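Listed below are the residues making up each chain.
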Amino acid sequence: MAPRNITPGTVVIILCGPNAGKRAVYIKPATTGYLTVAGPSCPVTRVPRRHCVATSTKVDVSSVKDEIEGELNTIIKKDLLLEEYLNTPFSLNECLGVAPHELTF
């Protein structure tokens with residue numbers, strides 16, 4: 001079961017593992033405690049929900065059924081800003097002067 005603030009189509013930031021710092025779209029719940037996510041820079045994978053931070057960005061994934069990566073990429077490529085946003089890795093930079101606890105996702 002996914003947390004309340006994560007619904008299918010929510011863009012999440014993956015915090016740990018080989019895809020750390022990448023943004024992906026939450027597709028559906030996987031086994032207990034895991035989320036199925038995919039994105040242009042992240043293959044379809046299961047990620048522990050503890051290792052994800054939900055953002056306020058949403059993608060309409062109601063048409064995604066069988067071939068998740070292909071269908072999701074066509075939806076993302078329709079919006080150039082969304083595609084650029086998902087391909088940009090997330091990082092906290094001390095030079096920007098933004099404290100992590102002041103960020104709003």
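The text that follows walks through the structure, step by step, so that each part is easy to find. (Residues numbered from 1 in each chain as written. Predicted model: local features only at pLDDT ≥ 70, side-chain atom pairs only at ≥ 80, totals over all residues. Heavy atoms only, no water.)

1. Points about helix H1 (residues 68-77)
Applied cut-off: Only protein chains enter the accessibility calculation, which uses a 1.4 Å probe; a residue whose area is less than 20% of its type maximum is buried, one above 50% is exposed, and one in between is partly exposed. Only runs of H or I of at least four residues qualify as helices and only runs of E of at least two qualify as strands under DSSP, and these elements are numbered from the N terminus. What the arc measures is the spread of directions leading from the helix axis to the C-beta atoms. Contact definition: two residues touch when any of their heavy atoms are within 4.5 Å.
For H1, every residue scored as buried is listed here: Ile68, Leu72, Ile75 and Ile76. Looking straight down H1, one finds its buried side chains confined to an arc of 95°; they lie on one side. Contacts from the buried residues of H1 go to strand E2 (23-29), strand E3 (34-39), strand E4 (42-48) and helix H2 (80-87).

2. Focus: the pairing of E3
Going by this rule: Paired strands, in this sense, are two strands between which DSSP finds at least two bridges.
Along E3, five of the six residues are buried, which leaves the element largely enclosed by surrounding structure. When E2 meets E3, the two strands line up antiparallel, connected through four bridges. When the bridges of E3 are listed, tyrosine 26 appears paired with valine 37. Pairing between E3 and E4: five bridges, direction antiparallel. If you follow tyrosine 34 over to E4, its bridge partner there is proline 48.

3. Quick look at the packing of aromatic side chains
Spelled out, the test is: Centres within 6.5 Å make a pair out of two Phe, Tyr or Trp rings, where for Trp the six-membered ring is used; the pair is then stacked when the planes are under 30 degrees apart, edge-to-face when over 60, and tilted otherwise. Whether a charge sits over a ring comes down to the Lys NZ or Arg CZ being within 6 Å of the ring centre and within 35 degrees of the ring normal.
Scanning the entire structure with this criterion turns up zero aromatic pairs. One residue, arginine 23, lies across the ring of tyrosine 85, its end atom 4.3 Å from the ring centre. Residue placement shows arginine 46 over the ring face of tyrosine 34; its charged tip is 5.2 Å from the ring centre.

4. Some remarks on the environment of valine 61
Within the secondary structure, valine 61 sits in the loop between strand E5 (52-58) and H1. On a C-alpha basis, the gap between valine 61 and alanine 99 in space is 33 Å, while along the polypeptide they are 38 residues apart. Sequence-distant contacts of valine 61, that is, excluding residues within four places in its chain, are made with Pro8, Gly9, Val25, Ile27 and Leu72.

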